[in-house]
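An overview of the molecular structure
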Amino acid sequence: MKADAYALDLDRLLELLPRYATEGPRYTSYPTAPVWKDDYGPAEFSADLGHEDVESSDGLSLYAHVPFCESLCHFCACNRVITRDHGRAGAYLDTIEREVEAVRHAVRVPRVATQLHWGGGTPTWLAPEEMRRLFRVLTQAFPLREGAEVSIEVDPRVTTDDHVAVLAECGFNRISMGVQDFDPSVQEAIRRIQPADQTGRLVEQARKAGFESVNFDLIYGLPYQTVESFGRTLDTLFELAPDRIALYSYAHVTWVAKQQRGFERGDLPEAATKLEIMLTAIRRFLEQGYVFVGLDHFARPDDELATALVRRTLRRNFMGHTTQAGVDLLGFGPSAISELRRSYAQNTRDVPGWQEAVEDRGLATMRGHRLSRDDLERRWVISRILCHSELRAGEFEEAFGRSLRSTFAAELADLAEPAADGLVEIDEDGSLRVTPAGRLLARNLAMPFDAYLAAQRRSGERMFSKTV
Ligand code: SF4
């Protein structure tokens, strides 16, 4: 596809939104997590780790979940533990060490990592020396390959110069900062006071320390946000010039995050205002030269995410869009997810439960899923739509030995309406291209290929966020 095929047509999108704004998965995995079952446990995960088709040369991604935060941000629905008791770090690191040892033991051959990411919670809740230990534990078991993508999520309010220095020394090259909104009244409402100069100072430190890429996370739809106030947040953001931006929609999920009940409905922007904030922000990112990478992500045109988009080397896993995803992903810590080539495994969510399970068995798998052939084919198709904005019939046939058109005749027929609306172009052989009008609705275009979605919808349970 030509580079301009990755543009966005926001005017057309606006016309179509009333019909396409529905709830749907984000497809960080396929099948999605609600499909996974607890009949997949440590024994199954251990067997899959030791599978004989695993080669030393296969790239590997590593993820560590640090669940602790100093204080609760009232919009947050992540798996986190709010504590100022830093004495808990020792037991956490002892458990991670045991878990890494157990996984390394189960993997048949030595593996080298092409990607390492720490998320949370707040990874910089750990002291600099504790971060050094975590890094050592992971990379002694799975050494990093030259040029690996090494990234971390940080909270500027608790990240010190010493943290940045240790991260740089370990070889971290990408840093992602939680910002959400620079407006003081929004910050007060969400209980996250983070002055712009605090964030700016951290950006400066990270650049000085040699980080190649700085990302900002923003959220629209928070209390007291208006188009004008968010416009001022964007003015500040452009001054700080991050390389990447993630623009997330606030999810009001009070049944998961009870503290959100403190937000008065009237303080939250109306649906129409929320949409206008999103579209205004996207227009301004594009005017400033950022490229829409996919889903919620924007990057400077020379950033490797943007170049990978055009080269069709962009990948997606639980850590988001990446260029260096390994064949397998190993996740450590409470709630962490591992993605092996034919299975998913998730750890127990709560810290004591995870510690106890690792203590007993080395592994803390609480649920998972082994992919069938049908799952593998559908995962391939969904990831191509989301990462490459296209599907090529010849590539599908080469990968699975079957024709794309005949395998997915019904699913392609379901795309007749989006095709008539100009969101996607479909060829005779089933090859398809997502158009500039369809790129922000890529989740809608992937949904017909999801074999589990109809039953999930029938169950009536709320599982997914709005696609736009
Ligand atoms: S937003 Fe980040 S820092 Fe705030 S509570 Fe959630 S995980 Fe912790």
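Regarding its fold elements, the chain presents 18 helices and 19 strands. The globule rule puts the C-alpha radius of gyration for 468 residues at 23 Å, and the 22 Å found for the chain is close to it. Along the longest, intermediate and shortest principal axes, the C-alpha atoms of the chain span 60 × 55 × 40 Å. Look at the contacts in the chain between residues 6 or more apart in sequence, and 74% of them connect residues 24 or more apart.

Moving on to helix H5 (residues 161-170). Among the residues of H5, those classed as buried are His163, Val164, Val166 and Leu167. Taken end-on, H5 shows its buried residues confined to a sector of 165°, consistent with a single buried face. Here the buried face of H5 lies against helix H4 (128-141), strand E5 (144-154) and helix H7 (196-208). The positive-phi residue at the C-terminal boundary of H5 is Gly171, with phi of around 105°.

Turning next to the packing of helix H8 (residues 227-240) against helix H9 (residues 271-287). Contact geometry of H8 with H9 gives a least axis separation of 9 Å together with a crossing angle of 30°. Of the possible angle classes, the one that applies to H8 and H9 is roughly parallel. Two packed elements cross with a definite hand, and for H8 against H9 that hand is right-handed. Each of Val227, Phe230, Gly231 and Leu234 in H8 lies in contact with H9, whose residues at this interface are Thr273, Glu276, Ile277, Thr280, Ala281 and Arg284. When its residues are assigned to classes, the contact of H8 with H9 shows 5 nonpolar, 3 polar and 2 charged.

Turning next to the domain arrangement of the chain. By domain assignment, the chain separates into domain 1 (3-7 + 372-458) and domain 2 (33-329). Between the C-alpha centres of domain 1 and domain 2 there is a distance of 28 Å. At the interface, 10 residues of domain 1 touch 12 residues of domain 2. It is helix H12 (residues 373-388) that provides the largest number of residues to the side of domain 1 that touches domain 2, a total of 4 residues. The residue inventory of the side of domain 1 that touches domain 2, partitioned by class, reads 6 nonpolar, 3 polar and 1 charged.

Once that is clear, we can look at the site of the ligand. Around the ligand lies a shell formed by Cys69, Leu72, Cys73, Cys76, Cys78, Arg80, Gly120, Gly121, Thr122, Asp155 and Gly178. For the shell around the ligand, the residue count by class is 5 nonpolar, 4 polar and 2 charged.

Counting buried positions over the 8 residues of strand E4 (residues 113-120) gives 8, a clear majority of the element. Judged from the 7 bridges that link them, strand E1 (residues 60-66) and E4 form a sheet pairing that is parallel. Within E4, the position partnered with Tyr63 by the bridge is His117. By the bridge criterion, 5 bridges tie E4 to E5 in an arrangement that is parallel. Bridging from a neighbouring strand, Gln115 pairs with Glu149 of E5. Following the backbone out of E4, through H4 and into the adjacent parallel E5, one traces a crossover that is right-handed.

This next bit is on the nonpolar core. By size, the foremost hydrophobic cluster in this structure holds 123 residues, and its most contacted members are Leu62, Ala64, Leu138, Ile385, Leu445 and Ala446. Split by domain, the residues of this core number at least three in each of domain 1 (3-7 + 372-458) and domain 2 (33-329). Setting aside residues up to four positions removed in sequence, Leu62 forms contacts with Ala113, Gln115, Leu116, Leu138, Phe142 and Leu330.

A few words now on the sheet that holds strand E17 (residues 390-391). Pairing is antiparallel in the open sheet, where 3 strands are placed in the order E17-E19-E18. Each having just a single partner strand, E17 and strand E18 (424-426) make up the two edges of the open sheet. Where E17 and strand E19 (residues 432-434) come together, 2 bridges link them in antiparallel fashion. Across the sheet, Leu391 pairs through a bridge with Leu432, a residue of E19.

A word on unusual backbone geometry. Residue Pro31 is bonded to the preceding Tyr30 through a cis peptide linkage, with omega at -5°. Position of Pro31 relative to the elements: it lies in the loop between helix H1 (10-20) and helix H2 (42-49). The peptide bond linking Gly120 to Gly121 adopts the cis configuration, its omega dihedral lying at 20°. Following the sequence through the fold, Gly121 ends up in the loop between E4 and H4.

What follows is about the environment of Arg433. When you line up the elements, Arg433 lands in strand E19. What makes Arg433 partly exposed here is the crowd of 17 C-beta atoms within 10 Å. Counting along the chain gives 84 residues from Arg433 to Arg349, while the straight-line C-alpha distance between them is 39 Å.

So, about the packing of helix H3 (residues 88-106) against helix H11 (residues 351-361). Axis separation between H3 and H11 bottoms out at 9 Å; the angle between their running directions is 45°. On the basis of their axis angle, the class for H3 and H11 is oblique. By crossing handedness, the relation of H3 to H11 is classed as left-handed. Contacts from Ala91, Thr95, Arg98 and Glu99 of H3 reach H11 at Trp354, Gln355 and Val358. Residues that form the contact of H3 with H11 fall into these classes: 3 nonpolar, 2 polar and 2 charged.

Criteria and cut-off values
Residues numbered from 1 in each chain as written. Predicted model: local features only at pLDDT ≥ 70, side-chain atom pairs only at ≥ 80, totals over all residues. Helix = DSSP H or I, 4+ residues; strand = E, 2+ residues; numbered from the N terminus. Rg over C-alpha atoms; globule rule 2.2 N^0.38 Å. Contact = placed C-beta atoms within 7 Å. Buried ≥ 20, exposed ≤ 12 C-beta atoms within 10 Å, placed from the backbone. Arc of directions from axis to C-beta. Axes fitted to C-alpha atoms, helices over the stretch in contact; angles between N-to-C directions. Parallel < 35°, antiparallel > 145°, perpendicular 65-115°, else oblique. Left-handed = near helix turned anticlockwise from the far one by under 90°. Nonpolar A, V, L, I, M, F, W, Y, C, P; charged D, E, K, R; others polar. Domains from an automatic or database assignment. Near = placed C-beta within 6 Å. Pairing = 2+ DSSP bridges. Right-handed = clockwise from strand over helix to strand, strands pointing away. Core = buried A, V, L, I, M, F, W, Y, C linked by C-beta atoms within 7 Å.

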